[in-house]
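# Structure at a glance
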Amino acid sequence: MITIQDDGAGLNVENILKKAREKGLVSENDDLSEKEIFKLIFAPGFSTAQTVTSVSGRGVGMDVVKRTIDMLRGTIEVDSQPGKGTIITLKLPLTLAIINGLLVTIGQDFFVLPLMSVQECVEMDPKEKEKAKGRNILNVRGEIVPYIRLRDHFGINDIASDLEHMVIADVHSKRIGFVVDNVIGGHQTVIKTLGPIFRNINDISGATILGDGTVALILDTNVLLEKVDQSINY
Amino acid sequence: MSVPGITQTSQYLTFILDQEIYAMDITQVREVLDFTKITKVPRMPDFIKGVINLRGGVVPVVDLRLKFGMSQAQKTVDTCIIIIEINIQETQTLLGIMADSVQEVMSMEPDQIEPAPKIGTRLKTEFIKGMGKKNDEFIIILDSDKVFSTDELTIVQEVEKNTGAIQA
């Protein structure tokens, strides 16, 4: 959600209504609420400006804004108080959200973990793994960190590398490890939705397109945590 | 004899799956792509191959051969992905279907199309809108609404749990 606010003169409801009537958008007898009157400013060619400048006054700007936002499947709302100012609220769907992500590989595939929750990455020392005797926990500098091996979770079966890496994330104040093959690095991730077909996969929150066109899947660490929680036994 | 529901001459895109000719109404076809890299989405049924990058958007790809119980396709230079637009859960969604090759766009009149036979085809009869006949060949016209019913598409499969033993 994006809010844009000013402390200007506010929208002049009377002028807008008058202009709308002149243009035939609204009949003499129509009674419009304030919100509906504000919406009129988005009509194509609509402007209450007395003079036209190089950047305004033609009734084009707001029309373009509304069309673009509609195309992005968002919404735009205007609120105004005379003498106080105007507030414009844009709501854009998650498909346009950008998050900072951590790009990792599991097998041949790329995945993204939201960087916000990531605290550190460690190499999984095979000796330490041995010591855990089959339980999914690792000793990291004296602390026991439970982990989920994403390879197993997703059933990815191609040959694992000898040295795996663990991304330790803070999820709801718990330190949980996510084991991947390799950590590539930070990645500005534009989230694309996967669509209705994949709506039942709750631990993958979307996808992103990498620089070379490859699709990487974005993991939802909160949902993954819930799954780890259920499987931890000390 | 013609099929109720097919009342006018329409154009169809024909394509090959395991040596048989199938067709879809052209109004649902958006474009045809060369085979591109598919990113696998884990724990989906086999016939959902994954997703592809279509000009910045993410589009799922389905292997109809697997869905219809045929053997998995061998990728050749002719293999393509047909992008169709269908209605899933009240929204228009893009979906890619893998085909061994794409043939042509052809018109068929209602009287060239017969109802689907009850036996003798590999697919469930409900997937077939009708059987077209052109130049001595049978063309199986698919009913995309039935073929892509949501329930089958959205099943998430559980991964078989390993014992948790350490990788050897």
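Residues numbered from 1 in each chain as written. Chains lettered and ligands numbered in written order. Predicted model: local features only at pLDDT ≥ 70, side-chain atom pairs only at ≥ 80, totals over all residues.

## Regarding the overall build of chain B
Test applied: Secondary structure elements follow DSSP: runs of H or I no shorter than four residues count as helices, runs of E no shorter than two count as strands, and numbering proceeds from the N terminus. Burial in this document is a count-based property: other C-beta atoms within 10 Å of a residue's C-beta are tallied, and the residue is buried at 20 or more, exposed at 12 or fewer, or partly exposed in between, with C-beta positions derived from the backbone.
A tally of helices and strands in chain B yields three helices and 11 strands. Helices and strands in chain B line up, N terminus first, as β-β-β-β-β-α-β-β-β-β-β-β-α-α. Relative to its 168 residues, chain B shows a buried fraction of 33%.

## Points about the overall build of chain A
Our working rule: Placing a C-beta atom from the backbone of each residue, one calls two residues in contact when those atoms lie within 7 Å.
The number of helices and strands found in chain A is six helices and 13 strands. Here chain A, with 234 residues, has 27% of them falling under the buried criterion. Residue pairs at least 24 apart in sequence account for 54% of intrachain contacts in chain A once pairs closer than 6 positions are excluded.

## Thoughts on the sheet that holds strand 2 (residues 20-25) of chain B
All names here are of chain B. Applicable threshold: Strands qualify as paired when DSSP identifies two bridges or more between them.
Pairing is mixed across the open sheet formed by six strands, whose spatial order is 8-1-2-11-10-9. Across the chains shown, the open sheet's two edge strands, defined by having one partner strand only, are strand 8 (101-108) and strand 9 (113-114). Bridge analysis of strand 9 against strand 10 (residues 128-134) gives two bridges, and the strand direction is antiparallel. The partner of I113 across the bridge, within strand 10, is G132.

## As for the nonpolar core
Applicable threshold: In these notes, a nonpolar core means any group of buried Ala, Val, Leu, Ile, Met, Phe, Trp, Tyr and Cys residues linked to one another through C-beta atoms within 7 Å.
Core analysis: the biggest nonpolar cluster contains 72 residues, and L113, V167 and F178 of chain A together with A23, V51, I97 and L142 of chain B have the highest contact counts within it. Other than its neighbours up to four places away in sequence, I97 of chain B contacts V62, L64, I81, I82 and I84 of chain B.

## A word on unusual backbone geometry
Residue and element names in this part refer to chain B. Phi at R55 is positive, roughly 45 degrees, even though this residue is not glycine. Checked against the element boundaries, R55 lands in the loop between strand 4 (48-54) and strand 5 (57-63). Residue class for R55 comes out exposed when judged on the 7 C-beta atoms lying within 10 Å of it. Unlike most non-glycine residues, N135 shows phi in positive territory, near 50 degrees. Of note, N135 is situated in the loop between strand 10 and strand 11 (137-142).

## Structural notes on the environment of E14 of chain A
Along the chain, E14 of chain A turns up in helix 1 (residues 13-23). Note: C-alpha distance between E14 of chain A and I37 of chain A (23 residues apart in sequence) is 9.1 Å.

## Regarding the interface of chain A and chain B
Rules: Only Asp, Glu, Lys and Arg are considered charged in this grouping, and only Ala, Val, Leu, Ile, Met, Phe, Trp, Tyr, Cys and Pro are considered nonpolar; every other residue, Gly among them, is considered polar.
With 26 residues of chain A at the interface, the matching set in chain B holds 26 residues. Elements with a contribution of two residues or more to the side of chain A that touches chain B: helix 4 (126-131), helix 5 (150-154), strand 12 (204-209) and strand 13 (215-219) of chain A. A total of three residues in the side of chain A that touches chain B trace back to one element, the largest contributor, which is helix 5 of chain A. Within the side of chain A that touches chain B, the residues separate by chemical class into 12 nonpolar, eight polar and six charged.

## So, the sheet that holds strand 7 (residues 137-140) of chain A
Residue and element names in this part refer to chain A. For clarity, the cut-off: Angles shown run from 0 to 180 degrees and are taken between the N-to-C directions of axes, each axis being a line fitted to C-alpha atoms and, for helices, limited to the stretch in contact.
In spatial order, the strands read 6-9-10-8-7; together these five strands make up an open sheet with mixed pairing. On the outer flanks of this sheet lie strand 6 (118-123) and strand 7, each paired with one strand and no other. Each adjacent strand pair in this sheet contributes to an overall mean axis angle of 35 degrees, direction not counted.

## Some thoughts on the confidence of the model for chain B
All names here are of chain B. What counts is decided by this rule: Every residue gets a pLDDT, meaning the predictor's confidence in that residue, from 0 to 100.
Chain-level statistics for chain B give a pLDDT mean of 83 and a share of 88% at 70 or above. Per-residue pLDDT, averaged within each element of chain B, yields its smallest value for helix 3 (residues 150-153) (69) and its largest for strand 3 (residues 29-34) (94). Counting contacts from residues 162-168, a segment whose pLDDT is below 50, to residues more than four positions away or on other chains yields eight contacts. Quick note on the complex model: pTM equals 0.69, ipTM equals 0.81.

## Considering the confidence of the model for chain A
Here chain A shows a mean pLDDT of 85. Residues at 70 or above account for 96%. Put simply, helix 6 (residues 221-231) of chain A is where chain A has its lowest mean pLDDT, 75, and strand 13 of chain A is where it has its highest, 94.

## Here we look at helix 1 of chain A
Residue and element names in this part refer to chain A. How we decide: The arc in question is traced by the directions running from the helix axis to the C-beta atoms.
All of the buried residues in helix 1 are I16, K19 and A20. Looking down the long axis of helix 1, one finds its buried residues gathered within 100 degrees of arc, a one-sided arrangement. Facing away from the buried surface of helix 1 by more than 90 degrees, the exposed residues are E14 and E22. In this fold, the buried residues of helix 1 make contact with helix 2 (34-39). Just past helix 1, the residue G24 takes up positive phi, approximately 80 degrees.

## Considering the environment of Y147 of chain A
Residues and elements named next belong to chain A. Its place among the elements puts Y147 in strand 8 (residues 143-149). For the pair Y147 and N136, spaced 11 residues apart in sequence, the C-alpha to C-alpha distance is 5.5 Å. Residue contacts for Y147: discarding those within four places in its chain leaves N136, I137, L138, M166, I176, G177, F178 and V179.

## Focus: the environment of V65 of chain A
If you trace the backbone, V65 of chain A turns up in helix 3 (residues 61-71). A tally of 15 C-beta atoms within 10 Å means that V65 of chain A is categorised as partly exposed.

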